[in-house]
Amino acid sequence: METRPLLGPDALPLYLRLADRIEEDLRAADGADGARLPSERQLAERYDASRVTIRAALAELRERGLLVSLPARGWAIAAAPKPRPGAGGRVLGFTDLAQQRGLVMRSKVLSSGVRPATTREAELLNTVAGADLFEMRRLRFLNDLVIAVEHNRLPLAVAPALAAADFAEHSLYEVLRAASPAQRPHYADYSVEARNATDEERAQLEIAGPVPILAATQLTFNQEAVPIELTVQAYRGDRYTFRASITD
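A brief structural summary.

Quick notes on the rules
- Residues numbered from 1 in each chain as written.
- Predicted model: local features only at pLDDT ≥ 70, side-chain atom pairs only at ≥ 80, totals over all residues.
- Heavy atoms only, no water.
- Helix = DSSP H or I, 4+ residues; strand = E, 2+ residues; numbered from the N terminus.
- Buried < 20%, exposed > 50% of the residue type's maximum accessible area, 1.4 Å probe, protein only.
- Contact = heavy atoms within 4.5 Å.
- Salt bridge = Lys/Arg side-chain N within 4 Å of Asp/Glu carboxyl O.
- Axes fitted to C-alpha atoms, helices over the stretch in contact; angles between N-to-C directions.
- Parallel < 35°, antiparallel > 145°, perpendicular 65-115°, else oblique.
- Left-handed = near helix turned anticlockwise from the far one by under 90°.
- Expected span 1.5 Å × (residues − 1).
- Nonpolar A, V, L, I, M, F, W, Y, C, P; charged D, E, K, R; others polar.
- Core = buried A, V, L, I, M, F, W, Y, C linked by side-chain atoms within 4.5 Å.
- Pairing = 2+ DSSP bridges.
- Arc of directions from axis to C-beta.

### So, the overall build of the protein
Thought 1: Check the secondary structure of the protein and you find seven helices and eight strands.
Thought 2: Counting across all 248 residues of the protein, residues that qualify as buried make up 43%.
Thought 3: For the protein, contacts bridging at least 24 residues in sequence account for 60% of all contacts bridging at least 6.

Here is the structure:
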């Protein structure tokens, strides 16, 4: 099956990019709870956007819990902006999600090391072919049930500590956030397909019967919209459900 091409940062809908800009301005201004925003017309002029786009961006910020709409009176700050889950980034790692759900997560590293990036990897990760690339394969468990086999690739330059970290004990995103400068996974392009498992995947995921897998490819960008991680995951179809919110 042919997967969709991975998209760059400009592929985000305009209203989401505008919502991010407004959110950043709100955080910088540190406005008081209940403070009124300028009118939609004034915001449209300030951000050089249509009223429709402004309205969609404000509705997105309401969904994030940052704004409330005031009937016939516009928009106001619902609460002082707070960091989102995931230490300031939008993208949550496997460990973050397990902790949110109160599940016990563990990993078994199958292999890890540093090697030169291929031309295709360099293209996706905004580096050059031959640059040092950290690569890791590991099994992911929840409550001692194997859920997925994961293949991670990251430019070593974004976090040199990757090469020495013990990922049986530490989270990949924990190491990224501790890097200098910090690498905060901010958003990701994500594609998923259902397919039959390979013989190797069947053995790794302890699949005995006709269980399909969900194969996901994720290209993650940091807070500066720079790609920092390319990951392919194969999930047991009977132990994993993919959910997403879809907006127009």
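### Describing the pattern of salt bridges
Thought 1: The full count for this structure, using the stated rule, is 13 salt bridges.
Thought 2: A salt bridge links arginine 236 to aspartate 238; the shortest N-O distance between them is 2.7 Å.
Thought 3: Taking relative accessible area as the criterion, arginine 236 reaches 6% and is therefore assigned buried.
Thought 4: Note on aspartate 238: relative accessible area 45%, which makes it partly exposed.
Thought 5: Connected via shared salt-bridge partners are Arg115, Glu121, Glu135, Arg137 and Arg153.

### Re the packing of helix α1 (residues 14-29) against helix α3 (residues 51-63)
Between two packed helices, the angle of one axis relative to the other and the distance separating the axes together describe the packing.
Thought 1: Relative orientation of the contacting elements α1 and α3 amounts to 60 degrees, with a least axis distance of 8 Å. In terms of orientation, α1 and α3 fall into the oblique class. In this structure, the crossing between α1 and α3 has a hand that is right-handed. The residues of α3 that touch α1, namely those facing Leu14, Tyr15, Leu16, Leu18, Ala19, Ile22, Glu23 and Leu26, are Thr53, Ile54, Ala56, Ala57, Leu58, Glu60 and Leu61.

### Examining α1
Thought 1: In this model, α1 (16 residues) spans 23 Å end to end at C-alpha, consistent with the 22 Å of a helix rising 1.5 Å per residue.
Thought 2: Those residues of α1 that fall on the buried side of the exposure criterion are Tyr15, Leu16, Leu18, Ala19, Asp20, Ile22, Glu23 and Leu26.
Thought 3: In the core, the buried residues of α1 are packed alongside α2 (40-47), α3, β1 (67-70) and β2 (74-77).
Thought 4: Directly after α1, the chain includes aspartate 30, whose backbone phi takes a positive value near 50 degrees.

### Section: unusual backbone geometry
Thought 1: For the bond running from serine 180 to proline 181, omega is 0 degrees, close enough to zero to count as cis.
Thought 2: A positive phi is found at aspartate 48, a non-glycine position, where the angle reads about 55 degrees.
Thought 3: In this structure, aspartate 48 sits in the loop between α2 and α3.
Thought 4: A relative accessible area of 72% means that aspartate 48 is categorised as exposed.
Thought 5: With a phi close to 55 degrees, asparagine 126 is a non-glycine residue in the positive phi region.

### Focus: the environment of phenylalanine 141
Thought 1: Structurally, phenylalanine 141 can be placed in strand β4 (residues 132-142).
Thought 2: Along the backbone, phenylalanine 141 and serine 107 are 34 residues apart, and their C-alpha atoms lie at a distance of 6.1 Å.
Thought 3: Once residues lying within four places of it in the same chain are set aside, the contact partners of phenylalanine 141 are Phe94, Val104, Met105, Arg106, Lys108, Val146 and Ile147.

### Observations regarding the packing of α2 against α3
Thought 1: Taken N-terminus to C-terminus, the directions of α2 and α3 make an angle of 105 degrees; their axes are 9 Å apart at the nearest point. Taken together, the axis directions place α2 and α3 in an arrangement best described as roughly perpendicular. Along the contact surface, α2 presents Glu40, Arg41, Leu43, Ala44 and Tyr47, while α3 presents Arg51, Ile54, Arg55 and Leu58.
Thought 2: Class assignment of the residues belonging to the contact of α2 with α3 gives a composition of five nonpolar, no polar and four charged.

### Topic: the nonpolar core
Thought 1: In this structure, Ile22, Leu37, Ile54, Leu58 and Leu67 are the most contacted members of the largest nonpolar core, which totals 17 residues.
Thought 2: Every residue in contact with leucine 67, bar those within four places of it in the chain, is listed here: Leu26, Leu37, Leu58, Leu61, Arg62, Trp75, Ala76, Ile77 and Ala78.
Thought 3: Counting 15 residues, the second-largest nonpolar core is a separate cluster that includes Phe134, Leu154, Ala159 and Leu176.

### Observations regarding the sheet that holds strand β7 (residues 213-221)
Thought 1: What the six strands build is an open sheet, ordered β3-β4-β5-β8-β7-β6; its pairing is antiparallel. In this open sheet, the two strands that pair with only one neighbour each are β3 (105-116) and β6 (187-195). The sheet shows a mean angle of 15 degrees between the axes of neighbouring strands, direction not considered.
Thought 2: When β6 meets β7, the two strands line up antiparallel, connected through nine bridges. Bridge assignment links tyrosine 187 to a residue of β7, and that residue is phenylalanine 221.

### A look at α2
Thought 1: Of all the residues in α2, the buried ones are Glu40, Leu43, Ala44 and Tyr47. Down the axis of α2, the buried side of the element spans an arc of 105 degrees, and every buried residue falls inside it. Across α2 from its buried face, at more than 90 degrees, point the exposed residues Glu45 and Arg46.
Thought 2: The inward-facing, buried residues of α2 contact α1, α3 and β2.

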